Amino acid sequence: MSTNYKGVDYFNIDALLSEEERMIRDTTRDFVTNEVIPVIEKHNQAMTFPRDLIPKMAELGFFGPTLPAEYGGMEVNNVAYGLMMTELERGDSGLRSFASVQSGLVMYPIYAYGSEEQKKKWLPSLAKAEKIGCFGLTEPDFGSNPGGMITNAKKVDGGYILNGAKMWITNSPIADIAVVWAKLDGVVHGFLVERGFKGFETPQTHGKLSLRASITGEITLQDVFVPDANLLPGVKGLKGPLGCLNQARYGIAWGVLGSAMECYATALEYSLSRIQFDKPIAAYQMTQEKLVWMLNEITKGQLMVYRLGRMKDDGTIKHTHISMAKRNNCEIALTICRMAREVLGANGILDEYPVMRHANNLESVKTYEGTHEMHTLIIGEDITGIPSFRVDYKD
Amino acid sequence: MKIAVCVSQVPDTTTKVKIGPDGKTIDPAGVTYIINPYDEFAVEAALQLKEKNGGETVVISVGKESNKEAIKKAYAMGIEKGILVKTDAEMDSYTVARNLADVLKEMNADVVLFGKQSIDYDDMQVGNITAEMLGIPSISVVVSLSIEGNKVTCEREIEGGKEIVEATLPVALSAQRGLNNPRYPNLKGIMAAKSRAIEERQPTYTENKTEITGMKMPKSKPKGKIVGTDVSAVPELVKLLREEAKVI
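Computed from a predicted model, the values in this text were never measured in an experiment.

As for the overall build of chain A
Across its full length, chain A carries ten helices and nine strands. For 395 residues, the compact-globule estimate of 2.2 N^0.38 gives 21 Å, and chain A sits close to it at 21 Å. The burial tally for chain A puts 56% of its 395 residues in the buried class. Looking at chain A alone, contacts between residues at least 24 apart form 75% of all its contacts between residues at least 6 apart. When the accessible surface of chain A is split by element, carbon and sulfur atoms take 53% of a total near 16,600 Å².

Observations regarding unusual backbone geometry
In most cases, non-glycine residues show a negative phi, while peptide bonds are predominantly trans. Along the chain, B:Leu169 connects to B:Pro170 via a cis peptide bond; the corresponding omega equals -5°. Here B:Pro170 shows up in the loop between strand 9 (161-168) and strand 10 (171-175). In this model, A:Asn171 sits at a positive phi of 75°, which is unusual for a non-glycine residue. Tracing the backbone shows A:Asn171 in the loop between strand 3 (159-170) and strand 4 (177-184). By relative accessible area, A:Asn171 is classed as buried at 1%. Positive phi, normally seen in glycine, also occurs at B:Asp122, with a value near 55°. Structurally, B:Asp122 is set in the loop between strand 6 (111-115) and helix 4 (126-134). For B:Asp122, a relative accessible area of 40% gives the class partly exposed.

A short note on the interface of chain A and chain B
Across the boundary between the two partners, chain A contributes 21 residues, which contact 14 residues of chain B. Around 1,500 Å² of area is buried between chain A and chain B when both sides are counted, 64% of it from carbon and sulfur atoms. Summed over the shared surface of chain A and chain B, the number is seven residue pairs in polar contact (both at pLDDT 80 or more). In terms of residue count, the dominant contributor to the side of chain A that touches chain B is helix 1 (residues 19-46) of chain A (ten residues). For the side of chain A that touches chain B, the class distribution of residues is nine nonpolar, four polar and eight charged.

Side note on the pattern of salt bridges
Taken as a whole and assessed by the stated rule, the structure comprises 39 salt bridges over all chains. B:Arg183 is paired through a salt bridge with B:Glu44; the nearest N and O atoms lie 2.8 Å apart. Of this pair, B:Arg183 sits in the loop between strand 10 and helix 5 (187-194) while B:Glu44 sits in helix 1 (residues 37-53); the two residues are 139 residues apart in sequence, bridging distant segments of the chain. B:Arg183 gets classed as partly exposed once you look at its relative accessible area, which sits at 26%. According to the relative accessible area criterion, B:Glu44 is buried, its value standing at 3%. The network of salt bridges with shared partners includes A:Arg29, A:Glu87, A:Arg90 and A:Glu262.

Regarding the nonpolar core
Counting residues in hydrophobic clusters, the biggest one holds 139 residues, and the most contacted among them are A:Met57, A:Phe63, A:Trp181, A:Met294, B:Val5, B:Leu113 and B:Leu173. Among the elements that take part in this core, helix 6 (residues 239-273) of chain A stands out by supplying 15 residues, more than any other.

Quick look at the sheet that holds strand 10 of chain B
All names here are of chain B. If you trace the nine strands from one edge of the open sheet to the other, you get 9-8-7-10-6-1-4-5-11, paired in mixed fashion. At either end of the open sheet lies a strand with only one pairing partner, and these are strand 9 and strand 11 (199-201). Each neighbouring strand pair of the sheet contributes to a mean axis angle of 30°, computed without reference to strand direction. Relative to strand 8 (residues 151-158), strand 7 (residues 138-148) runs antiparallel, the two sharing six bridges.

Reading the values: the criteria
Residues numbered from 1 in each chain as written. Chains lettered and ligands numbered in written order. Predicted model: local features only at pLDDT ≥ 70, side-chain atom pairs only at ≥ 80, totals over all residues. Heavy atoms only, no water. Helix = DSSP H or I, 4+ residues; strand = E, 2+ residues; numbered from the N terminus. Rg over C-alpha atoms; globule rule 2.2 N^0.38 Å. Buried < 20%, exposed > 50% of the residue type's maximum accessible area, 1.4 Å probe, protein only. Contact = heavy atoms within 4.5 Å. Areas by Shrake-Rupley, 256 points an atom, 1.4 Å probe, with all protein chains shown as cover. Buried area = accessible area lost by both parts, 1.4 Å probe. Polar contact = N/O pair within 3.5 Å; in protein donor to acceptor, adjacent residues only side chain to side chain. Nonpolar A, V, L, I, M, F, W, Y, C, P; charged D, E, K, R; others polar. Salt bridge = Lys/Arg side-chain N within 4 Å of Asp/Glu carboxyl O. Core = buried A, V, L, I, M, F, W, Y, C linked by side-chain atoms within 4.5 Å. Pairing = 2+ DSSP bridges. Axes fitted to C-alpha atoms, helices over the stretch in contact; angles between N-to-C directions.

All we've got here are geometric facts, nothing functional implied.
Next up, the structure:
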């Protein structure tokens with residue numbers, strides 16, 4: 001359905017982009033149109049990730065592209081990175097998730113908190129996707145409240161012993177390395193847990209009705225010995241994992257617009273060709289209202305992330321800005337996908353069209369990397385000064 | 001091996017083109033431009049020749065400032081050097097070819113690559129005229145290419161089949177779809193292209209040999225007809241296909 005897809009750009013935001021930003025967007029768009037869209041529904045149904053695309057994505061430079069060249073990065077700016085995420089998610093949220101995790105949740109913490117040896121050892125091979133990473137923060141009983149985590153580390157001679165369990169971990173079953181967050185003497189630390197460490201297991205999560213073209217699993221740690229050299233030395237406390245989440249949430253705020261654009265473009269095309277009562281359904285006011293609402297919200301979302309990206313590049317961004325963009329864009333993207341399904345009528349439920357897949361995916365995306373509700377409360381705290389989600393809060 | 005590839009910038013295939021108020025040029029408002037799709041096969045062929053034989057690659061374009069985008073795309077794919085013969089004038093095939101030939105004469109390229117045609121004016125002439133001006137053989141509509149030493153062997157598309165053509169270097173070739181799969185510019189290439197300069201030159205010749213006196217839009221397609229929705233409509237459908245559409 002995506003032949004001749006030229007993006008959605010009602011406000012000519014293209015004019016605000018540099019030549020290389022547009023080229024990076026276009027190269028990602030062509031890759032997704034030619035390599036992802038023809039195969040993704042099959043993977044979605046089979047619950048498989050298109051692993052053969054990983055080397056191609058690495059060759060194009062999609063992993064850790066904002067990092068310095070000496071670590072295998074491409075030194076692209078955050079707007080270009082965001083545009084890339086939009087295009088990848090137009091293909092599928094699972095594909096964007098893969099790139100988000102590898103770049104924002106694995107390469108970023110190693111780059112930001114790792115030792116020079118850790119950076120040299122891991123970043124170039126992660127950029128080439130010779131190694132695949134995952135990020136272990138969420139636990140069965142600690143989702144929005146990661147500070148309560150049970151996973152812990154004990155210092156022993158030459159390293160640490162880790163125990164605990166992590167859940168909802170994108171890529172864990174196929175990962176060569178996991179960035180695991182665990183409490184050491186009550187303080188959160190990051191550890192690089194490698195495939196093959198005794199007691200480290202990553203069972204796959206089955207039965208997902210969302211993000212089916214993405215591999216999700218658990219991490220279980222039973223007396224896993226992690227050598228001293230694998231502790232991330234540069235950060236202590238929750239700000240470590242939260243710093244990573246900011247990277248990933250930033251990518252999501254851009255990414256979900258891709259799902260929204262694909263569904264809007266599908267709905268527009270369909271409404272112009274579907275005839276009822278002798279005229280295309282696009283001729284009816286109720287359809288037009290839907291299409292206009294979709295386009296209007298996409299445009300607002302684009303302007304928001306464009307500004308967000310420029311602030312990330314000039315260093316004036318705050319985590320609350322990212323929360324607002326993630327919160328808003330996930331919400332509107334999900335509504336747009338559902339609305340597109342309505343425009344397509346019964347056809348909307350078919351796998352011939354991408355709308356149900358996107359809508360189902362976004363149910364996850366709205367919840368992961370900070371739920372819609374948590375982002376509301378983060379912004380609420382920012383503007384009132386009152387943290388509503390802290391149990392120890394007393395006036 | 002010295003490899004030159006000539007590219008042009010054309011309206012995006014999805015753009016709805018309108019004729020301007022003068023009745024003989026395209027209204028540029030709202031038109032987005034892309035590198036001519038056939039030229040991408042030529043760029044890819046140039047890169048593959050370089051990867052196999054070593055040497056240097058140069059991209060040349062004749063046209064407006066905006067043609068730099070096509071050159072930048074070629075840079076991002078891996079071409080090393082670019083020349084824009086800059087002009088705002090509308091040039092016909094002869095004049096474009098003459099300007100290309102003037103750049104190419106001093107270059108002594110072993111292989112000069114073109115797309116088989118630009119998808120805007122569809123003249124299919126620039127490659128052949130340029131080759132003639134350079135005094136080198138020209139092979140058009142090439143779908144496969146091999147160069148061993150001095151010997152060039154191409155397969156080219158002909159009506160209902162293929163023919164195999166040989167020549168010796170230097171040679172001009174025009175690329176047809178199927179010659180290769182143009183690579184996506186990767187992020188590394190795009191970032192490297194940013195700092196690579198484009199040499200600008202003045203046109204050496206501006207007199208057109210032909211003049212466009214008018215443009216017309218094609219007639220809009222007649223509306224489709226629904227003969228019926230079940231098997232009872234088949235005889236009528238067959239009749240119409242035979243008598244009206246004359247396709248069976």
